[in-house]
Amino acid sequence: MIHRPRRLRKNPIIRELIAETRLSKDMFIYPYFVVKGKGIIQPIDAMPGISRFSVDELVKDVERGLKLGVNKILLFGVGEDKFEDAHSSYDKNSVISDAIIQLKKNFGDSLYICTDVCLCAYTTHGHCGILHDDYVDNDSSLEILAKMALSHARAGADMVAPSDMMDGRIAAMRKMLDENNFVNTPIMSYATKYASAYYGPFREAADSAPGKGDRKSYQMDFRNLNESLREAKLDEAEGADIVMVKPALAYLDVIRAVRENTHLPVACYNVSAEYTMVKVAAQANFIDEQKIVMENMYAFTRAGANIIISYHVRDILKNNWL
Ligand code: PBG
Ligand code: ZN
C-alpha cells in the first residue's frame, strides 16, 4: 500500500500540524438583547443561558465578557414602543442608542459595537418594513431603515448590520451615512437571509414575531442557492463591507458558495434555534456540549466563514474550548 492517510493522523501533534482550518476568538461576534429599565436580567426561556439586559446590567456583563475576550458584540433593541411607521426605531433616546453611549463611555474602542438594523421590533405588526395593504412596502421602508442606521452611528456604533431584506437598503444606508459624515462606518449586510423556522426562539427574545403572515415576501426561499449569490452581489455592488449568510448550520453550502463568489469577508449567523437545539440536548445529557459546539464552529470555518456570530461565543471563551 502506497497511500495510507492514517499516517497523518497518528498523534495529536501531527494532526495539529496538518489541520486545514483554524479558529480564533478574533472571528467571533456575540449578540445581546437590550431592554429599557434598570437592574433587569431577564432569562429567555427558549434560549437557555441567554438573557435580556437593561443598559446598566449590560455594561456589567460586557465588562465580564471583555475579560474573556468577547470584544465584538451585536446589539438588538427590545421592548420599545411599537408604531405603524416604526419611528421609535430611530429615536435618539432609544434603548439601543443609550446602550451604545454607555458602552462607549465605559469601554471606548476596546469594545467593537455592531447594531442590528431592522424594523420588526418597532412595528405594531412585527414585520421588518412598513406595511401597505398587508404587503411590506419596500421603498417607504428604506428611509426609516436608513434613519435607524444613522441614529446608531450617531450614538457611536462601530458598524451597522441591516437584517430587514428590503431591496436597495444597503445603497440607502450608505448614502445616508455618507451624507452625514459617517463614511467610515462599515455595513455588514445580512445579504442572504432565508425565511427560516430557526429564528423561532429569537422572536420570543426580541418580541418581534409578525402578528399576521410570514416573512416570505422579503426573506429568501430556502430551496434557492443561486439567488443567494444574486443577493450577495447586489449588496456588494451597493457598498456592503461584509456579507452575511443566515442561518448557518443548515446553510453551509450557501456559506461556501458566497465565499467563492465575493472578495468581501463572509460572516455567518449561527441563529437562535441552532443554539437552542444544542443547549437543550446538552442539558438533557444527550450530547457533549463542548464537542458539538466546536464541531459546528469548525464546520462554519471549513465552509468558508471568516466571521461567526453566535450565542455560544461566551461559553466557548469562558470554558476555554478553543
Ligand atoms: C430581525 C432579525 C431576526 C434575527 C436577527 N435579526 C429575526 C427574523 O428575521 O425574524 C434572527 C436571529 C436569531 O434567530 O438568532 N429581522
Ligand atoms: Zn426584522
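Let us look at the structure shown here. This structure is a prediction, so every number in the text was calculated from the model and none was measured.

**Describing the coordination of the zinc ion (ligand 2)**
Of the protein atoms, only C118 (SG), C120 (SG) and C128 (SG) coordinate the zinc ion (ligand 2), at distances of 2.2 to 2.3 Å. Coordination at the zinc ion (ligand 2) comes from 4 donor atoms whose angles at the metal span 99 to 119°, giving a geometry best classed as tetrahedral. If you list the donors of the zinc ion (ligand 2) from N- to C-terminus, the spacing comes out as C-x1-C-x7-C. Of the two residues, C118 is situated in the loop between strand 5 (112–117) and strand 6 (130–132) and C128 in the loop between strand 5 and strand 6; the sequence distance between them amounts to 10 residues. The pair C118 / C128 is uniform in exposure class, with both members buried.

**Details of the site of ligand 1**
Taken together, 18 residues lie near ligand 1, and K193, R203, K246, S272 and Y311 sit nearest. Between ligand 1 and K193, the relevant distance is 2.6 Å, taken from an oxygen atom to a side-chain nitrogen or oxygen of the residue. Taking S272, its side chain carries an N or O atom lying 2.7 Å from an oxygen atom of ligand 1. Alone, ligand 1 offers 390 Å² of accessible surface; in the complex the protein occludes 100% of this. A majority-of-atoms criterion places ligand 1 in the largest cavity. Its residues assigned to classes, the shell around ligand 1 comprises 10 nonpolar, 3 polar and 5 charged.

**Details of the packing of aromatic side chains**
Enumeration according to the criterion identifies 10 aromatic pairs in this entry. Judged by centre distance (5.0 Å) and plane angle (75°), the rings of F76 and F202 are edge-to-face. Taken as a pair, F76 in strand 4 (residues 72–78) and F202 in helix 6 (residues 200–206) lie far apart in primary sequence, 126 residues in all. The buried category is assigned to F76, whose relative accessible area is 6%. Cluster of aromatic residues (ring-pair linked, three or more members): F33, F76, Y190, F202, Y269, Y275 and Y311. Its guanidinium or amino end placed over the ring of Y269, K246 lies 5.1 Å from that ring's centre, counting from NZ or CZ.

Here is what the cut-offs are and how they apply
Residues numbered from 1 in each chain as written. Chains lettered and ligands numbered in written order. Predicted model: local features only at pLDDT ≥ 70, side-chain atom pairs only at ≥ 80, totals over all residues. Heavy atoms only, no water. Donors = N, O, S within 2.8 Å, 3.2 Å for Na, K, Ca; no water. Tetrahedral: all angles 85-135°; square planar, octahedral: opposite > 155°, others 65-115°. Helix = DSSP H or I, 4+ residues; strand = E, 2+ residues; numbered from the N terminus. Buried < 20%, exposed > 50% of the residue type's maximum accessible area, 1.4 Å probe, protein only. Near = heavy atom within 4 Å. Polar contact = N/O pair within 3.5 Å; in protein donor to acceptor, adjacent residues only side chain to side chain. Areas by Shrake-Rupley, 256 points an atom, 1.4 Å probe, with all protein chains shown as cover. 1 Å grid on protein atoms, 1.4 Å probe; cavity = no way out; pocket = protein on both sides within 12 Å on 5 of 7 lines; lining within 4 Å. Sits in = over half its atoms within 2 Å of the grid points. Nonpolar A, V, L, I, M, F, W, Y, C, P; charged D, E, K, R; others polar. Phe/Tyr/Trp six-rings, centres within 6.5 Å; stacked < 30°, edge-to-face > 60°. Lys NZ or Arg CZ within 6 Å of the ring centre and 35° of its normal.

That's the geometry; what it means functionally is another story.
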